Amino acid sequence: MAGESGKIDPMYQFKIEPLAQLNLAGYDVSFTNSSLFMVLVLGALWVFMAGGMKREMVPGRWQMAVEGVTGFINNMLTANVGPEGKKYVPLVFSLFMFILMANFMGMMPFGIVPGVHPFTITSHLTVTAVLALFSFGTVLVVGFWRHGLHFFSLFVPHGTPWWLLWLIPVIELFSFMIRPFSLALRLFVAMTAGHIMMKVLAGFVINGLNAEAAWVPMIVSFPAFVLMIGITLLELLVCAIQAYVFALLTSLYINDAVNLH
Amino acid sequence: MPQIAQILETYASQFFWLMIVFGLVYFTIGHGMLPKVEATMDARNRKIADDLAAAELARAEADDLGDSGEAGLAAARAAAQAKASDAKAKGAKDADARLAKADAEVGVKLAAAEAALSAATAKAMASIETVAADAAADIVAKVSGAKVTPAQAAKAVKAVMSNG
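If you're wondering where the values come from, they're calculated on a predicted model, not measured in any experiment.

Side chains that are nonpolar tend, in soluble globular proteins, to be buried together. Residues Met-49, Met-97 and Phe-98 of chain A are the most contacted members of the largest nonpolar core, which totals 70 residues. Going through the elements one at a time, helix 1 (33-51), helix 2 (61-81), helix 3 (89-105), helix 4 (125-147), helix 6 (179-210) and helix 7 (216-259) of chain A together with helix 2 (7-144) of chain B are the ones with two or more residues in this core. In terms of residues, this core owes the most to one element, helix 3 of chain A, which gives 13 residues.

Another point: the interface of chain B and chain A. Each partner contributes to the interface: chain B provides 35 residues, whereas chain A provides 49 residues. Buried area between chain B and chain A, summed over both chains or domains, comes out near 4,000 Å², and the portion from carbon and sulfur atoms is 76%. Contact with chain A buries area across many residues of chain B, yet Gln-3, Gln-14 and Phe-22 of chain B alone supply 17% of it, more than any other trio. Scanning the region where chain B abuts chain A turns up 1 salt bridge. Here Arg-44 of chain B ties to Glu-67 of chain A by a salt bridge, and the two come within 2.8 Å at their closest N and O atoms. At the boundary of chain B with chain A, the tally comes to 13 residue pairs in polar contact (both at pLDDT 80 or more). Only helix 1 (2-5) and helix 2 of chain B provide two or more residues apiece to the side of chain B that touches chain A. Counting residues per element, the side of chain B that touches chain A draws most heavily on helix 2 of chain B, at 31 residues. Taken together, the residues of the side of chain B that touches chain A break down into 22 nonpolar, 8 polar and 5 charged.

This part is about the packing of aromatic side chains. On inspection of all chains with the given rule, the structure shows 16 aromatic pairs over all chains. Relative to Trp-17 of chain B, the ring of Phe-16 of chain B has its centre 5.3 Å away and its plane inclined at 85 degrees; by these criteria the two rings are edge-to-face. Taken together, the ring pairs in this structure connect Phe-136, Phe-144, Phe-151, Phe-152, Phe-155 and Phe-176 of chain A into an aromatic cluster.

The subject of this paragraph is unusual backbone geometry. Phi at Ala-25 of chain A is positive, roughly 50 degrees, even though this residue is not glycine. Here Ala-25 of chain A is to be found in the loop between strand 2 (23-24) and strand 3 (27-28).

All names here are of chain A. By volume, the largest pocket is sized at about 520 Å³. What lines the largest pocket is a set of 19 residues, among which Met-107, Pro-109, Met-198, Lys-199 and Met-228 lie closest to the centre. Among the residues forming the lining of the largest pocket, the class breakdown is 13 nonpolar, 5 polar and 1 charged.

Before going further, it helps to spend a moment on the pattern of salt bridges. Tallied over the entire structure, the rule returns 6 salt bridges over all chains. What emerges from the salt-bridge pattern is a single network uniting Glu-56, Arg-59 and Asp-63 of chain B.

With that out of the way, let us pick up the UniProt feature "transmembrane region" (unreviewed entry) in chain B. Sites flagged by UniProt as "transmembrane region" (unreviewed entry) map to residues 15-34 of chain B. For residues 15-34 of chain B, helix accounts for 100% and strand for 0%, while the C-alpha atoms at its two ends are 25 Å apart.

This part takes up a nonpolar patch on the surface. All names here are of chain A. Nonpolar side chains collect at one region of the surface, where Val-200, Phe-204, Trp-215, Met-218, Ile-219, Val-220, Phe-222 and Val-226 lie side by side and expose about 820 Å² of accessible area between them. Contributing elements (two or more residues each) for the nonpolar patch: helix 6 and helix 7. In terms of residue count, helix 7 provides more of the nonpolar patch than any other element does, 5 residues in total. On the secondary structure map, Phe-204 appears in helix 6.

About the thresholds
Residues numbered from 1 in each chain as written. Chains lettered and ligands numbered in written order. Predicted model: local features only at pLDDT ≥ 70, side-chain atom pairs only at ≥ 80, totals over all residues. Heavy atoms only, no water. Core = buried A, V, L, I, M, F, W, Y, C linked by side-chain atoms within 4.5 Å. Buried < 20%, exposed > 50% of the residue type's maximum accessible area, 1.4 Å probe, protein only. Helix = DSSP H or I, 4+ residues; strand = E, 2+ residues; numbered from the N terminus. Contact = heavy atoms within 4.5 Å. Buried area = accessible area lost by both parts, 1.4 Å probe. Salt bridge = Lys/Arg side-chain N within 4 Å of Asp/Glu carboxyl O. Polar contact = N/O pair within 3.5 Å; in protein donor to acceptor, adjacent residues only side chain to side chain. Nonpolar A, V, L, I, M, F, W, Y, C, P; charged D, E, K, R; others polar. Phe/Tyr/Trp six-rings, centres within 6.5 Å; stacked < 30°, edge-to-face > 60°. 1 Å grid on protein atoms, 1.4 Å probe; cavity = no way out; pocket = protein on both sides within 12 Å on 5 of 7 lines; lining within 4 Å. Points joined across faces, edges and corners; volume = space filled by probe spheres on them. UniProt positions renumbered as here; feature names shortened; annotations may be inferred. Patch = residues over 30% accessible without salt bridge, like charges linked within 9 Å, V, L, I, M, F, W, Y side chains within 5 Å. Areas by Shrake-Rupley, 256 points an atom, 1.4 Å probe, with all protein chains shown as cover.

See the structure below:
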């Protein structure tokens, strides 16, 4: 975390470092710290789900938690898409849980072990872009599969006056095409900005404690530490909210594809 | 910003591993474990609905039983009431008959007593006339010295008594 000469670089946490070199057809697909955290997320998610697979009639706490999350996604899709939404529960559930677990995994205090630092895979545009493309690609495939070329009527909302027919489809097309970018950028920016802020505030605490003047820790470090607690809680909230927003928007877009307008 | 500075070196690795990991998440968790969890939830919801329906059925049955029990109770109560009122009516008739008989007996006795009384009265009246005539003859003899025959005295007393 600490760079050269005691300076704290808030961007260092986003750096990708290869752990094992790997080449595939000329592409560098090394196993990096990012890949490691993806695998950790997968493992945590698997453990979470496996704990809820006892399939008891009267659920225990863990099973209750798993069923709470699945029921939450199920309700979201039934409420937004209708009974047909059930088909898309696996996709939205995978997206939601993967993003949620990745966000939380990046907040874990692994930094107490020297030389280790948590890595937030959702703070990388390459990752959020792929997730957004899964969401957007599903909408495209479902839309054209179900409605064929009629899917383009999505760009002409009901009740458009004939003299606006030259403008409305252009605006609708633009707002449709921008969806993957907004999905990807929202998650990427929220996680990046939050983590930079946390690192800067944590830097205040540490640099204040290392200062030579005796008054600095009281004036700088202590308030920064108190603020840090609040910011950390806020960041945990943002982790959950961003995963929720991603899943909610995906279900709304799927609704467009399934039911048109 | 490493996300953008490193993008050209790392995008292939990011895509590659994300595809593998998210593919595993989607197929093993999303399509493998999730349906089982949902099946459990559905089974539970169905069981709860079935149990509720069975309970509702049992309640309706119990209501029916209660209704028929109440009807039986009401019929029994009506029969008992009819029997009681029958008995009461019969009792009242008996009492009436006995009362009438006693009345008649008392009437006979009363009439006999009345006849005896009137006979006694008449006898007493007759004797009082004789006593009064004797007394009148004595009073006349004492007051006026005239001799009055008993027949005259009796006649005078009779005249006075019939006037009085």
